[in-house]
Amino acid sequence: MTVHLEVAEGIGTIRLDRPPMNALDIAVQDRLRELAEEATRRDDVRAVILYGGEKVFAAGADIKEMQAMDHTAMVVRSRALQDSFTAVARIPKPVVAAVTGYALGGGCELALCADYRIAADNAKLGQPEILLGLIPGAGGTQRLPRLIGPSKAKDLIFTGRMVTADEALSIGLVDRIVPAAEVYEHARAWAAKLVQGPALALRAAKESVDAGLETDIDTGLAIERNWFSGLFATEDRERGMRSFVEEGPGKAKFL
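Going along each chain's sequence as written, the residues are numbered from 1 onward. pLDDT decides what is reported in this predicted model: residues at 70 or higher carry local features, side-chain atom pairs at 80 or more are listed and counted, and totals for whole chains, interfaces and linings draw on all residues regardless. Calculated side-chain values reflect all of the structure's heavy atoms, with hydrogen atoms and water omitted.

A closer look at the nonpolar core
Here, nonpolar core refers to any group of buried Ala, Val, Leu, Ile, Met, Phe, Trp, Tyr and Cys residues whose side-chain atoms link them within 4.5 Å. With a 1.4 Å probe rolled over the protein chains alone, any residue whose accessible area is under 20% of its type maximum counts as buried; one over 50% counts as exposed, and the rest are partly exposed. Among the nonpolar cores identified, the biggest contains 46 residues, and Leu 50, Phe 57, Val 99, Leu 125 and Leu 173 are the most heavily contacted of them. For this analysis, residues touch if any pair of their heavy atoms sits within 4.5 Å. What Val 99 contacts, discounting residues up to four positions off in sequence, is Phe 57, Ala 111, Ile 118, Ala 119, Ala 120, Ala 123, Leu 125 and Val 183. Listed in part, the 15 residues of the second largest apolar core include Ala 98, Ala 120, Ala 187 and Trp 190.

Here's what the structure looks like:
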């Protein structure tokens, strides 16, 4: 398989495994969707890491495969491409991207589907589709400006240039830079802190933020209000408040 889901201690690692550059061909795209849906369903997966290995996250689409496709073929395929990445973005659990080496084109767009991005100090990210006479097609024109703002996103999309880890951090494209050999370790530590948290409240927080960003403030507040009040029906809420009253803050143990 070109993509694997490895589960240990509540953390599911979706690992790209298509050497040498983890090119995102149709088989990889379809497998990403399958594994994102599996991670969503599985109760033993409480948080997810997106990882391409020690050398490269994903250098982009399989250009040779795309070159052979005409307009009709891409009209059919483009929806499936977006659906694969959307399945990752909609995993209702915390998702962190562990970015090593290149994260370009579809690789950058995959990292954008995570809730948090930890990059190696040698990472390079970008949306170079314009250099092929194209635009990003797996969510880059939508998720990138929502993350870093429209003008910075347009700069990257219009020019196709790559940014270093330092610049990516400065514009908000990644959230932390660590030594290259420690990227997965740091991603796992981030995920491990959340594995012990209240699963439904984490889901509520993620869906409230994500859905709220897509709508007006009043609708967003209604989404938040419904989730907030709904959590009062959960055992985790009872457990968390009881622990706070009896033991003080930060000591609750959730199932």
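Here we look at a nonpolar patch on the surface
Patch membership is restricted to residues that have no salt bridge and whose relative accessible area is over 30%. Joining uses 9 Å for like charges and 5 Å for the nonpolar side chains Val, Leu, Ile, Met, Phe, Trp and Tyr. All accessibility values rest on the Shrake-Rupley procedure with a 1.4 Å probe; residue burial counts only the protein chains present in the view. Salt bridges are defined as contacts in which a side-chain nitrogen from Lys or Arg sits within 4 Å of a carboxyl oxygen from Asp or Glu. There is a patch of nonpolar side chains on the surface, built from Met 21, Tyr 102 and Met 162 and spanning about 260 Å² of accessible area. Mapped onto the elements of the fold, Met 162 is located in strand β8 (residues 162-164). Assessed through its relative accessible area of 42%, Met 162 is described here as partly exposed. The helix and strand labels rest on DSSP assignments: H or I over at least four residues marks a helix, E over at least two residues marks a strand, and numbering proceeds from the N terminus.

Here we look at the sheet that holds strand β2 (residues 11-16)
Consider a sheet: its strands pair through backbone hydrogen bonds, and that pairing is either parallel or antiparallel. Strand pairing follows a simple DSSP-based rule, namely that at least 2 bridges must link the two strands. Read across the sheet, six strands follow the order β1-β2-β3-β4-β6-β9 without closing on themselves; strand pairing throughout is mixed. Either end of the sheet is taken by a strand with one partner, and the two such strands are β1 (3-8) and β9 (176-178). Pairwise comparison of adjacent strand axes, ignoring direction, gives a mean angle of 20° for this sheet. Relative to strand β6 (residues 116-120), strand β4 (residues 95-99) runs parallel, the two sharing four bridges. Its bridge partner being in β6, Val 96 is matched across the sheet by Tyr 116. Note on geometry: axes are C-alpha line fits, over the in-contact stretch for helices, and angles between N-to-C directions span 0 to 180 degrees.

Overview of unusual backbone geometry
Cis geometry marks the peptide bond from Pro 19 to Pro 20; its omega dihedral reads 5°. With respect to the helices and strands, Pro 20 occurs in the loop between β2 and α1 (26-41). Notably, Asn 22 is not glycine yet its phi reads approximately 55°, a positive angle. Assignment of secondary structure puts Asn 22 in the loop between β2 and α1.

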